[in-house]
2 protein chains.
Amino acid sequence: MQGLMMDYPLLIKGIMQHALRTFPEQEVVTRLVEGGIHRYTYADSYKRMCQAAHALQDMGVKKGDRVAVMGWNTHRQLELYYAISCIGAICHTINPRLGPENANYVINHAGDSVLFYDTTFQPLVEALAPGLKTVKKYIVLTDAANNPKSKIKAEAYEEMIAGKPEAFDWPDFDENTASAMCYTSGTTGKPKGVLYSHRSTVIQAMVTSLPTSFGAELSDVVLPVVPMFHVNAWNVPYSALMGGMKLVFPGPGLDGASLYELMEAEKVTYALGVPTVWLNLLNYIEGEGKTFSSLKYSLIGGSALPEKIIRGYDKHGVRCRQGWGMTEMSPTGTTNFEPVGFYDQPIDERIPYQLKQGKALPYVDMRIVSDEGKILPHDGSESGHLQVRGPSVLKAYYNHDKDILTPDGWFDTGDVATIDETGMLLITDRAKDVIKSGGEWISTIDIENAALSHEAVAQAAVIGMPHPKWDERPLLIVELVPGADADPQQILQFVKDQLSKISWPDDIQVVDEIPLGATGKVLKTKLREMFKDYVLPDLREGGGTTTSASAAVTEVEPDKKKSGFPFLRRKGK
Amino acid sequence: MQGLMMDYPLLIKGIMQHALRTFPEQEVVTRLVEGGIHRYTYADSYKRMCQAAHALQDMGVKKGDRVAVMGWNTHRQLELYYAISCIGAICHTINPRLGPENANYVINHAGDSVLFYDTTFQPLVEALAPGLKTVKKYIVLTDAANNPKSKIKAEAYEEMIAGKPEAFDWPDFDENTASAMCYTSGTTGKPKGVLYSHRSTVIQAMVTSLPTSFGAELSDVVLPVVPMFHVNAWNVPYSALMGGMKLVFPGPGLDGASLYELMEAEKVTYALGVPTVWLNLLNYIEGEGKTFSSLKYSLIGGSALPEKIIRGYDKHGVRCRQGWGMTEMSPTGTTNFEPVGFYDQPIDERIPYQLKQGKALPYVDMRIVSDEGKILPHDGSESGHLQVRGPSVLKAYYNHDKDILTPDGWFDTGDVATIDETGMLLITDRAKDVIKSGGEWISTIDIENAALSHEAVAQAAVIGMPHPKWDERPLLIVELVPGADADPQQILQFVKDQLSKISWPDDIQVVDEIPLGATGKVLKTKLREMFKDYVLPDLREGGGTTTSASAAVTEVEPDKKKSGFPFLRRKGK
């Protein structure tokens with residue numbers, strides 16, 4: 001028997017309309033790409049969403065069309081998020097760090113008809129344009145005065161919306177209609193498109209708004225450092241408007257100094273980003289002898305949260321809450337919200353909890369499975385392949401034949417994890433990164449965290465090296481803090497002191513820069529390539545002595561081609 | 001184009017499973033009908049939900065079957081809420097205060113096959129049983145030792161579940177499947193059934209869990225005084241488990257002393273109920289010279305929140321948040337969450353805000369419409385018929401032919417209201433209670449609130465009396481606090497001092513008891529019947545003098561037949 005409730009779809013316009021009717025005077029603040037600060041209200045924003053919707057329709061964008069946006073976190077991208085999705089088109093956010101080849105691929109694969117971009121990315125777009133088969137219109141996210149000369153004919157966004165009506169009759173449609181898409185930058189193969197629906201996005205916005213999820217509330221001033229050009233900035237553009245929070249967009253200013261200045265000026269209380277961002281910001285304030293006057297919470301995800309960040313921010317009264325998810329999950333799967341009374345404990349007792357990835361949100365199911373496909377118990381000890389299920393998890397990639405789910409309908413995340421009796425997730429490894437030594441799994445994350453807790457280590461990565469006796473043994477690779485003059489062997493000993501013997505790295509190597517991928521994660525494939533000729537100490541001729549941390553690496557040229565993007569650069573580099 | 005996300009239904013079992021996997025050790029505490037306190041964990045509760053599901057299946061309950069529950073708020077009813085809905089059957093909660101005739105009607109109309117009831121209601125069930133055409137099995141919500149002798153053969157709940165397996169393979173089905181039903185006790189005609197779905201219930205649980213809705217969080221200890229036998233206790237049995245909160249069930253102990261004792265013993269921080277309950281509790285603690293050591297918040301709905309309650313609780317450090325909704329809305333439509341910094345203001349500045357019903361939850365649309373069907377602006381001044389829409393609003397009553405929605409698909413609430421530019425709802429009247437005097441609408445709620453703020457007034461109601469010149473004029477009817485010796489004319493003057501002249505009641509009448517309906521609302525139909533021969537002062541022979549507050553009322557016998565139910569009785573009566 002069916003219930004007798006209204007057939008009312010969960011559309012993204014419901015969030016937009018809720019924000020407008022409930023919090024019309026709430027503020028949205030943006031550090032502009034053009035320089036300076038832009039400030040307006042939800043009510044102002046809504047009017048411009050309506051104008052953008054008219055402009056999109058006027059240029060022929062129809063339901064189901066893909067519209068590309070390559071932009072920093074700004075009020076203009078916020079407007080496009082809603083305007084594009086709520087007319088029934090698909091907001092395809094493009095990560096500029098994908099590199100030209102992949103950017104070309106994803107725009108053509110998606111069949112985008114319009115491309116919006118920030119002026120920062122004009123050189124990239126100019127290089128891409130000749131190869132883009134479906135893009136009919138280019139729009140620069142600025143005003144006429146700041147629209148730079150270009151080889152391509154591009155209208156300014158402000159001109160595009162100027163004079164359009166400030167109201168729009170938003171259509172109704174099935175909640176399973178596609179709303180947005182984002183390509184994953186896999187370590188192998190071409191990027192694959194994840195196609196979100198209105199339903200999946202609204203449900204994700206609701207569950208991440210729960211107190212036991214992100215935990216932000218009306219009094220918070222929220223700054224998403226995590227980019228809107230990737231995984232919808234963890235859905236903050238939706239959840240913040242649903243919760244009526246003041247939103248602060250950093251634009252292109254993602255270095256420590258710019259973020260700090262904006263946080264202080266706008267009294268930011270809650271910020272979200274990947275560990276690299278938090279490390280940079282911490283290095284900045286420690287270097288400058290500053291502290292935070294308003295920041296209370298940071299939500300950290302994208303890769304495992306190092307202990308060093310938790311301890312570093314704790315000194316400044318900032319609480320770090322970890323989350324885990326992936327593009328394929330809309331993206332958040334877990335958050336490690338704190339038990340009641342958690343912060344009454346001393347930090348040493350809190351750390352083991354905070355290093356875990358947290359518990360699944362409602363309507364995210366998780367299980368762990370052995371190599372043989374056996375479902376493993378949630379006992380905090382058995383480790384296996386992490387698989388997920390839920391209304392905000394994908395069932396297929398866009399225009400991609402491969403059947404990606406397990407026969408019983410679960411998505412394999414590629415992570416290896418334990419789950420305990422209270423649902424606490426601990427990612428121990430990426431399946432592809434697994435080091436299996438003498439039949440035991442060694443956690444690369446544990447070793448990396450141990451290394452990162454050394455004051456001279458800026459970035460750390462562990463890869464498995466072939467070994468005739470043990471199959472594989474871990475090699476620790478580190479990048480030092482600028483100006484640090486540390487003895488690699490002392491760092492290695494420091495790491496060993498924190499680990500059980502099986503996890504001791506066989507060697508340490510220092511590199512100028514650990515290569516990071518488009519989303520700030522360490523590119524282990526690249527590292528493996530860099531170290532393909534490296535030989536572990538006990539396998540060398542006359543074996544058993546540890547080399548100095550130079551020989552194997554001096555020829556290696558770290559991948560520098562992405563250095564045009566400031567947000568993953570470290571201060572002083 | 002459809003999104004490519006999993007087809008994963010929003011089922012109530014998702015809440016149950018989230019509670020189990022995330023908060024297995026959280027507590028549920030119940031004041032038992034048998035006496036004493038019962039205490040267990042979410043994990044214990046889940047095992048018994050599984051056992052109850054097996055028992056229901058074993059007795060032949062199938063998907064779509066209606067199962068009636070007439071019970072106090074207890075852990076056993078919590079188990080039935082989940083077990084019945086999650087096997088695909090329909091949990092039909094029965095309000096014992098409907099009276100025998102209506103109870104008979106709703107059980108037969110729903111076609112319930114099983115009836116669960118607390119021992120308190122055995123006399124009622126014994127009286128009903130001969131007339132119940134579809135009930136095949138009666139189960140008493142107790143154990144064998146406490147199962148009273150009865151004319152009807154009824155198994156004890158504890159016997160029913162004993163020995164059943166503590167795990168259950170919960171089925172999957174369409175999220176629009178009916179999950180629960182509740183009949184509205186309309187003031188006219190037969191009760192009408194509202195049939196909730198899994199989808200409407202889960203969405204309602206999510207939106208009421210938002211910080212700008214009920215505002216309860218993990219650290220709260222939640223006590224729903226609002227009954228589970230009506231409108232699902234405002235969905236608290238769902239939202240509390242989703243949020244992992246400690247739940248405290250009051251069982252039959254709804255008088256001030258019992259509630260207070262339980263709140264103190266269990267450190268309750270958040271309680272929910274109708275104004276009558278809050279008045280009784282306030283009278284109790286003031287009479288006893290007590291105060292609250294843990295209670296911080298009360299969510300109040302069901303009828304307008306009187307100023308006297310806000311001020312009364314404020315003195316004890318308890319914050320009153322108002323909500324509005326109805327059975328037809330699952331039930332919550334609005335909550336008046338506080339703006340940032342609200343409690344930094346003195347109480348006199350807070351009161352006007354707190355007297356309003358609040359702002360719509362996400363995915364609850366509201367509009368106000370004139371008598372002529374014109375949609376009115378949300379300007380805080382134009383008043384009209386309040387209509388609503390959303391995924392948790394009904395589209396039809398159960399087995400009821402009448403088309404109940406407007407031609408464009410909205411549900412008319414029967415309330416008259418204003419909405420301001422920030423979405424703030426103010427209910428000014430029930431459409432059927434409207435007093436239209438000389439072309440102007442007079443708010444009965446304003447007059448009632450003014451009267452309730454007088455220390456001698458326990459309950460107040462205003463009805464419109466016919467008047468040849470003004471069409472209608474308001475008559476104020478009050479019930480005095482037990483033992484109060486107040487002059488009615490002084491009360492009338494006290495009321496007038498707070499109102500504009502058009503709203504001045506033409507007269508005041510004192511009655512022994514203002515009749516209340518099954519859900520604690522004033523029965524104005526009954527009052528109109530009581531006062532059908534009453535004549536306003538200026539229409540009497542030799543008109544113009546105000547009568548004493550006795551003559552018209554002495555013959556009136558207030559409706560006492562519901563006095564067997566303690567929770568709407570006042571202390572000392």
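Chemist: When you look at the overall build of chain A in this model, what are you seeing that I'm missing?
Modeler: Looking only at helices and strands, one finds 15 helices and 25 strands in chain A. Taken over the C-alpha trace, chain A has a radius of gyration of 24 Å; the compact-globule value for 573 residues is 25 Å, and the two agree within 12%. By its C-alpha atoms, chain A is 80 × 65 × 50 Å across when sized along the principal axes. Looking at chain A residue by residue over its 573 residues, the buried ones come to 64%. At a minimum sequence separation of 6, the contacts of chain A that also span at least 24 residues come to 68%. With the model as given, the accessible surface of chain A reaches about 20700 Å², and the carbon-plus-sulfur share is 50%. The positive charge centre, built from 58 side chains, and the negative charge centre, built from 71, are 4 Å apart in chain A.

Chemist: Is there a simple way to explain the pattern of salt bridges in this structure?
Modeler: Counted by the stated rule, this structure contains 52 salt bridges over all chains. Residues Asp7(B) and Lys395(A) are paired through a salt bridge, measuring 3.2 Å at the closest nitrogen-oxygen approach. With Asp7(B) in the segment before α1 (13-22) and Lys395(A) in the loop between β18 (384-389) and β19 (411-419), this pair bridges two chains. Here Glu34(B) ties to Arg76(B) by a salt bridge, and the two come within 3.0 Å at their closest N and O atoms. Of the two residues, Glu34(B) is situated in the loop between β1 (27-31) and β2 (37-41) and Arg76(B) in helix α3 (residues 75-86); the sequence distance between them amounts to 42 residues. What makes Glu34(B) partly exposed here is its relative accessible area of 27%. Assessed through its relative accessible area of 7%, Arg76(B) is described here as buried. Look at the salt bridges and you will find they share partners, linking Glu34(A), Arg48(A), Arg76(A), Glu79(A) and Glu158(A) into a network.

Chemist: Please explain the domain arrangement of chain A as it appears in this structure.
Modeler: In many reports, interface size means the accessible area that the parts give up when they come together. Residues and elements named next belong to chain A. We note that the domain assignment places domain 1 (12-354), domain 2 (374-391 + 402-430) and domain 3 (435-560) within chain A. Between domain 1 and domain 2, the C-alpha centre-to-centre distance is 28 Å. Facing nine residues of domain 1, the contacting portion of domain 2 comprises nine residues. Summing the contributions of domain 1 and of domain 2, the shared interface buries around 710 Å²; its carbon and sulfur component is 82%.

Chemist: In this structure, what is going on with the interface of chain A and chain B? I would like to understand it.
Modeler: With 77 residues of chain A at the contact, the number on the chain B side is 77 residues. When the two sides are added together, the surface that chain A and chain B hide from each other amounts to roughly 5900 Å², 64% of it contributed by carbon and sulfur. The tally of links from chain A across to chain B stands at six salt bridges. Along the contact surface separating chain A from chain B lie 30 residue pairs in polar contact (both at pLDDT 80 or more). Listing elements by their share of the side of chain A that touches chain B, those giving two or more residues are α1 (13-22), β9 (192-197), α7 (198-208), α8 (236-243), β16 (358-360) and β18 of chain A. At six residues, α7(A) tops the list of elements feeding residues into the side of chain A that touches chain B. Grouping the constituent residues of the side of chain A that touches chain B by class yields 43 nonpolar, 20 polar and 14 charged.

Chemist: For this particular structure, what's the right way to read the relation of the copies chain A and chain B?
Modeler: Two chain copies here: they are related by a rotation about an axis and a translation along the same axis. At an RMSD of 0.1 Å, chain A and chain B line up after a rotation of 180 degrees and a shift of 0.0 Å along the axis. Expressed as an axis order, the relation between the two copies is that of a two-fold axis. Within chain A, the C-alpha atom positioned nearest to the axis of rotation is that of Leu210(A), 2.8 Å from it. When you check the interface residues of chain A against chain B, 100% turn up at the interface there too, and the contact is symmetric in its surfaces.

Chemist: Sorry if this is basic, but what is going on with unusual backbone geometry here?
Modeler: Generally, phi is negative for residues other than glycine and the peptide bonds are trans, each holding for most cases. Residue and element names in this part refer to chain A. In this model, Ser-330 is joined to Pro-331 through a cis peptide bond whose omega is 0 degrees. Within the element layout of this structure, Pro-331 appears in the loop between β14 (319-325) and β15 (332-335). Residues other than glycine seldom take positive phi values, yet Tyr-363 does so here, at roughly 65 degrees. In this structure, Tyr-363 sits in the loop between β16 and β17 (365-369). Of note, Asn-399 is a non-glycine position whose phi angle comes to about 45 degrees, a positive value. As for its placement among the helices and strands, Asn-399 is situated in the loop between β18 and β19.

Chemist: Just to check I follow, could you spell out the sheet that holds strand β23 (residues 457-467) of chain A for this structure?
Modeler: Neighbouring strands of a sheet are bound in pairs by backbone hydrogen bonds; such pairs are parallel or else antiparallel. All names here are of chain A. The strand order across the open sheet formed by three strands is β23-β24-β25, and the pairing between neighbours is mixed. With one partner strand each, in any of the chains shown, β23 and β25 (507-511) form the two edges of the open sheet. With direction set aside, neighbouring strand axes in the sheet form an average angle of 30 degrees. Where β23 lies against strand β24 (residues 471-480), ten bridges are found, and the strand directions are antiparallel.

Chemist: Which parts of the structure should I look at to understand the state of the cysteines?
Modeler: One covalent bond between the sulfur atoms of two cysteine residues makes up a disulfide. Residue and element names in this part refer to chain A. Tallying each qualifying case throughout the model produces zero disulfides over all chains. With no disulfide of its own, Cys-182 lies closest to Cys-91 among cysteine sulfurs, the gap being 10.0 Å. What makes Cys-182 buried here is its relative accessible area of 1%.

Chemist: How should I be thinking about helix α10 (residues 275-288) of chain A in this particular structure?
Modeler: Owing to its 3.6 residues per turn, the α-helix brings residues three or four apart onto one side. Residue and element names in this part refer to chain A. Along its 14 residues, α10 runs 20 Å from first to last C-alpha, staying within 8% of the 20 Å computed at 1.5 Å per residue. Of all 14 residues that make up α10, ten are buried, and the element is covered over most of its length. Looking at α10, one finds that the buried residues are Pro-275, Thr-276, Val-277, Trp-278, Leu-279, Asn-280, Leu-281, Leu-282, Tyr-284 and Ile-285. Those residues of α10 hidden inside the fold are in contact with α9 (256-266), β12 (270-273), β13 (297-300), α11 (307-314) and β23. Phi turns positive, to about 65 degrees, at Gly-289, one or two residues after α10.

Chemist: Any chance you could explain helix α14 (residues 488-496) of chain B here in plain terms?
Modeler: Residues and elements named next belong to chain B. Listed in full, the buried residues belonging to α14 are Pro-488, Ile-491, Leu-492, Val-495 and Lys-496. One face of α14 carries all of its buried residues, which in axial projection span an arc of 140 degrees. Where α14 is buried, its residues meet α13 (444-452), β23 (457-467), β24 (471-480) and β25 (507-511). The distance from a side-chain oxygen at the start of α14 to the backbone nitrogen of Gln-489 is 3.0 Å, and the residue carrying that oxygen is Asp-487.

Chemist: Just to check I follow, could you spell out the pairing of β25(B) for this structure?
Modeler: The two faces of the sheet receive side chains in turn, since in a regular strand these alternate between them. Residues and elements named next belong to chain B. When you tally the buried positions in β25, you get five out of five residues, the bulk of the element. On β25, burial covers both faces: Asp-507, Gln-509 and Val-511 on one face and Ile-508 and Val-510 on the other are all buried. When β24 meets β25, the two strands line up parallel, connected through five bridges. Paired with Val-478 across the bridge in β25 is Val-510. You can see the chain leave β24, run along α14 and come back into β25, and the turn it takes is right-handed.

Chemist: What's the story with the packing of α1(B) against helix α8 (residues 236-243) of chain B in this structure? I'm lost.
Modeler: Helix packing for two helices is described by the angle between their axes and how far apart those axes are. Residues and elements named next belong to chain B. Contact geometry of α1 with α8 gives a least axis separation of 8 Å together with a crossing angle of 40 degrees. When the axis of α1 is compared with that of α8, the two are oblique. Where α1 crosses over α8, the two elements pack in a sense that is left-handed. Across the interface between the two elements, Ile-15, His-18 and Ala-19 from α1 touch Tyr-238, Leu-241 and Met-242 from α8. Grouping the amino acids of the contact of α1 with α8 by side-chain chemistry returns five nonpolar, one polar and no charged.

Rules behind the numbers
- Residues numbered from 1 in each chain as written.
- Chains lettered and ligands numbered in written order.
- Predicted model: local features only at pLDDT ≥ 70, side-chain atom pairs only at ≥ 80, totals over all residues.
- Heavy atoms only, no water.
- Helix = DSSP H or I, 4+ residues; strand = E, 2+ residues; numbered from the N terminus.
- Rg over C-alpha atoms; globule rule 2.2 N^0.38 Å.
- Buried < 20%, exposed > 50% of the residue type's maximum accessible area, 1.4 Å probe, protein only.
- Contact = heavy atoms within 4.5 Å.
- Areas by Shrake-Rupley, 256 points an atom, 1.4 Å probe, with all protein chains shown as cover.
- Lys, Arg positive; Asp, Glu negative; His and termini not counted.
- Charge placed at Lys NZ, Arg CZ, Asp CG, Glu CD.
- Salt bridge = Lys/Arg side-chain N within 4 Å of Asp/Glu carboxyl O.
- Domains from an automatic or database assignment.
- Buried area = accessible area lost by both parts, 1.4 Å probe.
- Polar contact = N/O pair within 3.5 Å; in protein donor to acceptor, adjacent residues only side chain to side chain.
- Nonpolar A, V, L, I, M, F, W, Y, C, P; charged D, E, K, R; others polar.
- Least-squares fit on C-alpha atoms with pLDDT ≥ 70 in both.
- Pairing = 2+ DSSP bridges.
- Axes fitted to C-alpha atoms, helices over the stretch in contact; angles between N-to-C directions.
- Disulfide = S-S within 2.5 Å.
- Expected span 1.5 Å × (residues − 1).
- Arc of directions from axis to C-beta.
- Right-handed = clockwise from strand over helix to strand, strands pointing away.
- Parallel < 35°, antiparallel > 145°, perpendicular 65-115°, else oblique.
- Left-handed = near helix turned anticlockwise from the far one by under 90°.

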